[in-house]
Amino acid sequence: MLCLNRIQDISILFNLIIILLMLFNTYVFQIGLVAVLLERFRAALMLSALYLTFSIILHSWLMNLRWLNTNRFIWTDGLQVLFVFQRVASVLYYYLYKRTSEYLGDPRLYEDSPWLRELFARVRQ
């Protein structure tokens, strides 16, 4: 169980790193419009960090309770609340991750275009 929890936490961290690397690869980031990207992907980045935090806390708490008493399963009220929050965050996380991945596949983010020139001119003034 410990191994599976660690793999899940590391996978969530790698997913966050992959999204950041994809953001760094865009033409919008390379010309310096980082604020535009952060505004567009703020929810996905924040929820990824929140989901990773919930998962690490939940897995640590579960392992701590199981380590102390291996003969039976202990389920406290606080653990149940954290479990529900983690599961709700997971649904939102996977939805936003998929939406972010699809949006980052848009070729307009990787080439110069008129809307990007207008935005860059507006930001420079």
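Residues numbered from 1 in each chain as written. Predicted model: local features only at pLDDT ≥ 70, side-chain atom pairs only at ≥ 80, totals over all residues. Heavy atoms only, no water.

Participant: Could you give an account of the overall build of the chain, with specific residues and numbers?
Facilitator: Of the regular secondary structure elements, the chain holds 5 helices and 0 strands. Along the chain, from the amino end to the carboxyl end, the secondary structure elements read α-α-α-α-α. Relative to its length of 125 residues, the chain is extended, with a C-alpha radius of gyration of 19 Å against a globular reference of 14 Å. Taken along the three principal axes of its C-alpha coordinates, the chain extends 65 × 25 × 20 Å. (Helix = DSSP H or I, 4+ residues; strand = E, 2+ residues; numbered from the N terminus. Rg over C-alpha atoms; globule rule 2.2 N^0.38 Å.)

Participant: If you had to explain the nonpolar core to someone new, which residues and values would you point to?
Facilitator: Inside soluble globular proteins, nonpolar side chains tend to come together where they are buried. Leu23, Val28 and Tyr93 are the most contacted members of the largest nonpolar core, which totals 27 residues. Those elements that provide at least two residues to this core are helix H1 (2-25), helix H3 (34-68), helix H4 (77-104) and helix H5 (114-124). Broken down by element, the residue count for this core peaks at 11 residues, all from H3. Every residue in contact with Tyr93, bar those within four places of it in the chain, is listed here: Ile12, Asn15, Leu47, Ser48 and Tyr51. (Core = buried A, V, L, I, M, F, W, Y, C linked by side-chain atoms within 4.5 Å. Buried < 20%, exposed > 50% of the residue type's maximum accessible area, 1.4 Å probe, protein only. Contact = heavy atoms within 4.5 Å.)

Participant: I'd like to hear about H4, residue by residue, with values.
Facilitator: When the terminal C-alpha atoms of H4 are compared, their 40 Å separation across 28 residues agrees well with the 40 Å that a helix rising 1.5 Å per residue should span. All of the buried residues along H4 are Leu79, Leu82, Gln86, Ala89, Ser90, Tyr93, Leu96, Tyr97, Thr100 and Leu104. (Expected span 1.5 Å × (residues − 1).)

Participant: Break down the packing of aromatic side chains for me, with residues and values.
Facilitator: One pass over the full model with this rule turns up 8 aromatic pairs. One aromatic cluster in this structure is built from Tyr51, Tyr93, Tyr94 and Tyr97. A cation over a ring is seen here: Arg40 above Tyr103, with NZ or CZ 4.0 Å from the ring centre. (Phe/Tyr/Trp six-rings, centres within 6.5 Å; stacked < 30°, edge-to-face > 60°. Lys NZ or Arg CZ within 6 Å of the ring centre and 35° of its normal.)

Participant: An account of the confidence of the model for the chain is needed here, citing residue identities and associated values.
Facilitator: In this model, the chain carries a mean pLDDT of 90, and residues with pLDDT of at least 70 account for 98%. When mean pLDDT is taken per element in the chain, H4 scores highest with 95 and H5 scores lowest with 84. (pLDDT = per-residue confidence, 0-100.)

Participant: Would you mind going over the side chain of Ser113 in detail, with residue names and values included?
Facilitator: Locating Ser113 in the fold gives a position in the loop between H4 and H5. For Ser113, a relative accessible area of 10% puts it in the buried group. Engagement of the side chain of Ser113 in a polar contact is seen with the side chain of Trp115, the distance being 2.8 Å. (Polar contact = N/O pair within 3.5 Å; in protein donor to acceptor, adjacent residues only side chain to side chain.)

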